Amino acid sequence: MDNLYQAILRFNRLQSENYDGAQHDLEEAQEEIRRELEGFRIERGLVRWWIECQPAVRKLRNKLDDGSAYESGDALAAAAKMRPDVLTLMDYRDEAARSLRYAGYVDTVLAVEGLTEELLRRHLTAFLELRLPEVAEKAKADGVAMGRWFSWLEERAKLAKTEDAAELLGAFAKRLGMEDVLALLDVRMSDGVCFASQLEDGRIQMHIAEAGDVLSRNTLFHEFGHACVYGHLPKGRLPWLSQAVDEVLAVLFENAGVRLLGDAETKRRGMEMLRTEYTRTCVSGLFELDLWRDR
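All values derive from a computational prediction rather than experimental measurement. (Residues numbered from 1 in each chain as written. Predicted model: local features only at pLDDT ≥ 70, side-chain atom pairs only at ≥ 80, totals over all residues. Heavy atoms only, no water.)

Asks: How should the overall build of the chain be read in this particular structure?
Replies: The secondary structure content of the chain amounts to 13 helices and five strands. Every one of the 295 residues in the chain was classed for burial, and the buried ones make up 42%. Residue pairs in contact within the chain that sit at least 24 positions apart in sequence constitute 67% of those at least 6 positions apart. (Helix = DSSP H or I, 4+ residues; strand = E, 2+ residues; numbered from the N terminus. Buried < 20%, exposed > 50% of the residue type's maximum accessible area, 1.4 Å probe, protein only. Contact = heavy atoms within 4.5 Å.)

Below, the structure written as structure tokens:
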């Protein structure tokens, strides 16, 4: 089990330190994880790792994550280029899931996270009934065209003054009394990218971007939530970490950060952006569920 744990941490490091490339190294690390998993009964906590490290899945997913093959001056044109590969990746994931006797990939994810499709759809729909009219009205008032959602969010998220991301991170950790996690962090500045990964030597590498808008601030708080989860995990338990639990805790942190730090206007806009992003995520979630079933 230690070999599997170290293989996953090595993959995290490569993904973190070579975020813009090194696809061959990533595939080698994924193959190491796959080989280690062959020695285990593929129980629930390891199923998603096993699927994502299958050769056909990992090769296409890495290509999509890298994105350079789809570069275009227009977001919709890039999405059109990606579409065939996205649909093919769905087929590859379904095939891998069925080899483990699940009905398909969605059924696998739901089973691993202890959810049912009916429950998930009910919660997503309930949130949309609460928030979608408000968000849709704002989008309509701003004349947002289909496919321009992200550029609209970026425009609404702008702040008059850019905050120092490292100082903001330190202030957040101090307010939460989690300087112990901050001490474990290897913090690196990145251009517009923010994420956290647990590495082989026990460090948690966190890439942060300057907080020039409320989206960047919210993401910083969210990723520190992930870092706190990794910092308090017992050694060797990362492969079994529920992704749903990981994300729920990160969402709690981002809400805490918005409420605790900043002036009244920044806090108001931060909460507005959270509601807008959660609405987008719910719409996307329902669309993807339908796409998996009906494609």
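So that's the structure; there's more coming.
Asks: Help me understand the pattern of salt bridges in this model?
Replies: When their charged atoms lie close together, side chains carrying opposite charge are able to pair. Across all of its chains, the model carries 18 salt bridges by this definition. Here R131 ties to E134 by a salt bridge, and the two come within 3.4 Å at their closest N and O atoms. On the criterion of helical spacing, the pair formed by R131 and E134 is a turn pair, its members being three residues apart in helix α7 (residues 117–141). The class of E134 is partly exposed, set by a relative accessible area of 29%. Connected through salt bridges with shared partners, the residues R131, E134, K138, E265, R268, E272 and R275 form a single ionic network. (Salt bridge = Lys/Arg side-chain N within 4 Å of Asp/Glu carboxyl O.)

Asks: Where do I start with unusual backbone geometry in this structure?
Replies: Residues other than glycine predominantly adopt negative phi, and peptide bonds predominantly adopt the trans conformation. Positioned with a positive phi, R101 is a non-glycine residue whose angle comes to about 70°. Since its relative accessible area comes to 82%, R101 is described here as exposed.

Asks: Explanation requested: the sheet that holds strand β4 (residues 204–208) in the structure shown.
Replies: Strand-to-strand pairing in sheets goes through backbone hydrogen bonds, with the strands running parallel or antiparallel. Strand order in the open sheet formed by three strands is β2-β4-β3, with mixed pairing between adjacent strands. Where the open sheet ends on each side, the last strands, each with one partner, are β2 (185–189) and β3 (195–198). On average, each strand axis in the sheet is tilted by 20° relative to the strand beside it, whichever way the strands run. With five bridges connecting them, β2 and β4 associate as parallel partners. Within β4, the position partnered with V187 by the bridge is M206. (Pairing = 2+ DSSP bridges. Axes fitted to C-alpha atoms, helices over the stretch in contact; angles between N-to-C directions.)

Asks: Help me out: how do you make sense of α7 in this one?
Replies: Each α-helix turn comprises 3.6 residues. Residues three or four places apart therefore point the same way. The end-to-end C-alpha distance of α7, which contains 25 residues, comes to 34 Å, matching closely the 36 Å that a straight helix rising 1.5 Å per residue would cover. The largest bend along α7 reaches roughly 50° and is located at R131, with the proline P133 sitting one to four residues downstream. Listing the buried residues of α7 in full gives E117, L124, L128, V135 and A139. Where the residues of α7 are buried, they touch α6 (105–112), α8 (149–157) and α13 (264–294). One or two residues past the end of α7 sits G143, with phi positive at roughly 65°. (Expected span 1.5 Å × (residues − 1). Bend = angle between axes of the 7 residues up to and from the residue.)

Asks: Sorry if this is basic, but what is going on with a nonpolar patch on the surface here?
Replies: A cluster of nonpolar side chains, namely V245, V248, L249 and L252, defines an oily patch on the protein surface of about 330 Å² accessible area. Topologically, V245 is positioned in helix α12 (residues 243–260). Taking relative accessible area as the criterion, V245 reaches 43% and is therefore assigned partly exposed. (Patch = residues over 30% accessible without salt bridge, like charges linked within 9 Å, V, L, I, M, F, W, Y side chains within 5 Å. Areas by Shrake-Rupley, 256 points an atom, 1.4 Å probe, with all protein chains shown as cover.)

Asks: Teacher, can you tell me more about the pairing of β3 here?
Replies: On any regular strand, side chains alternate: one points to one face of the sheet, the next to the other face. Neither face of β3 is exposed, since F195 and S197 on one face and A196 and Q198 on the opposite face are all buried. Taken together, the four bridges between β3 and β4 define a ladder with antiparallel strand orientation. Looking across to β4, one finds that A196 is bridged to M206.

Asks: Help me out: how do you make sense of the packing of aromatic side chains in this one?
Replies: Here the distance between the centres and the angle between the planes together describe a pair of aromatic rings. A full pass over the atoms with the stated rule returns six aromatic pairs. Between F127 and Y278, the ring centres sit 6.5 Å apart and the planes meet at 65°, which makes this aromatic pair edge-to-face. Here the residue F127 occupies a position in helix α7, and Y278 occupies one in helix α13, the gap between them amounting to 151 residues. Each ring, one from F172 and one from F253, has its centre 6.4 Å from the other, and the planes form 90°; the classification is edge-to-face. Of this pair, F172 sits in helix α9 (residues 165–176) while F253 is found in helix α12, placing the two residues 81 residues apart along the sequence. Relative accessible area serves as the criterion here: at 14%, F253 is assigned to the buried category. (Phe/Tyr/Trp six-rings, centres within 6.5 Å; stacked < 30°, edge-to-face > 60°.)

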